[in-house]
Amino acid sequence: MKYGLGFFLIVAIIAGCSNNKKQASSNADTVSIHKLWKYDTVRSVAKNPGLIGKNLLDLTNKDTLRFSYQSVKDKPTTYAYHILHDTVFVNNNAAYKIIKLTANELGLYILFKSDSSKATKDSVIMIYKTR
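Here's a quick rundown of the structure. Keep in mind that this is a model prediction, so the values were computed, not measured. (Residues numbered from 1 in each chain as written. Predicted model: local features only at pLDDT ≥ 70, side-chain atom pairs only at ≥ 80, totals over all residues. Heavy atoms only, no water.)

Turning our attention to the side chain of E105. Looking at the element boundaries, E105 is found in strand β7 (residues 105-110). Engagement of the side chain of E105 in a polar contact is seen with the side chain of K100, the distance being 2.7 Å. A polar side-chain atom of E105 sits 2.6 Å from a polar atom in the side chain of K129. Here E105 is in contact with W37, K100, I127, Y128 and K129, once residues within four sequence places are set aside. (Helix = DSSP H or I, 4+ residues; strand = E, 2+ residues; numbered from the N terminus. Polar contact = N/O pair within 3.5 Å; in protein donor to acceptor, adjacent residues only side chain to side chain. Contact = heavy atoms within 4.5 Å.)

Here you go:
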């Protein structure tokens, strides 16, 4: 019986450790920016909701960003990108600051100036949800 108890104790420890590894890796996989993101809302100081338009942001490829409007059936536009700390660089220019990243939501602060923000400094925060 001693042999059986020791055997069950080792199996229980191994099972417990392997369960922790599975849980940790699944959490790490779900909180990733490398997903397909669907535009949800925009917060703009200038109250300009039409500034962005409904779009999809495909970050599944870790070096090529694909951007497409939901209403247009054309092929997505592709851009080279990389992420350094909390900033997304598109074509080697700072474009977005990541202000929120969860398993289901991505918040981006626009760092580039749009045509509508020439007269005033417009703070634009785009919220994306997983698709």
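Turning next to the pairing of strand β6 (residues 93-101). On a regular strand, each side chain points to the face opposite its neighbour's, so the side chains alternate between the two faces of the sheet. Here strand β5 (residues 87-90) pairs with β6 via four bridges, running antiparallel. Opposite V88, over in β6, you have Y96 as the bridge partner. Here β5 folds back onto β6, and the loop between the two strands holds two residues, one of which, N91, carries a positive phi near 50°. By the bridge criterion, five bridges tie β6 to β7 in an arrangement that is antiparallel. Of the residues in β7, the one forming a bridge with K100 is G107. Taking the residues that link successive antiparallel strands as the turn, the β6-β7 hairpin has three residues. (Pairing = 2+ DSSP bridges.)

As enumerated under the stated definition, the model contains two aromatic pairs in all. Measuring from ring centre to ring centre gives 6.1 Å for Y39 and Y128, while their planes differ by 80°; the resulting arrangement is edge-to-face. Linking Y39 in strand β1 (residues 36-44) with Y128 in strand β8 (residues 124-130), this pair joins segments that are 89 residues apart in sequence. Residue Y128 is classed as buried on the basis of its relative accessible area, which comes to 1%. For the pair F67 and Y69, a centre-to-centre distance of 5.1 Å together with 85° between the ring planes defines the contact as edge-to-face. The class for F67 is buried, based on a relative accessible area of 18%. According to the relative accessible area criterion, Y69 is partly exposed, its value standing at 38%. (Phe/Tyr/Trp six-rings, centres within 6.5 Å; stacked < 30°, edge-to-face > 60°. Buried < 20%, exposed > 50% of the residue type's maximum accessible area, 1.4 Å probe, protein only.)

So, on to the nonpolar core. Core analysis: the biggest nonpolar cluster contains 20 residues, and L57, L59, Y96, L106, L108, M126 and Y128 have the highest contact counts within it. Residue assignment for this core shows that the elements contributing at least two residues are β1, β3 (64-69), β5, β6, β7 and β8. Excluding its chain neighbours within four sequence positions, the residues that come into contact with L57 are K35, L36, W37, L65, R66, F67, L106, L108 and Y128. (Core = buried A, V, L, I, M, F, W, Y, C linked by side-chain atoms within 4.5 Å.)

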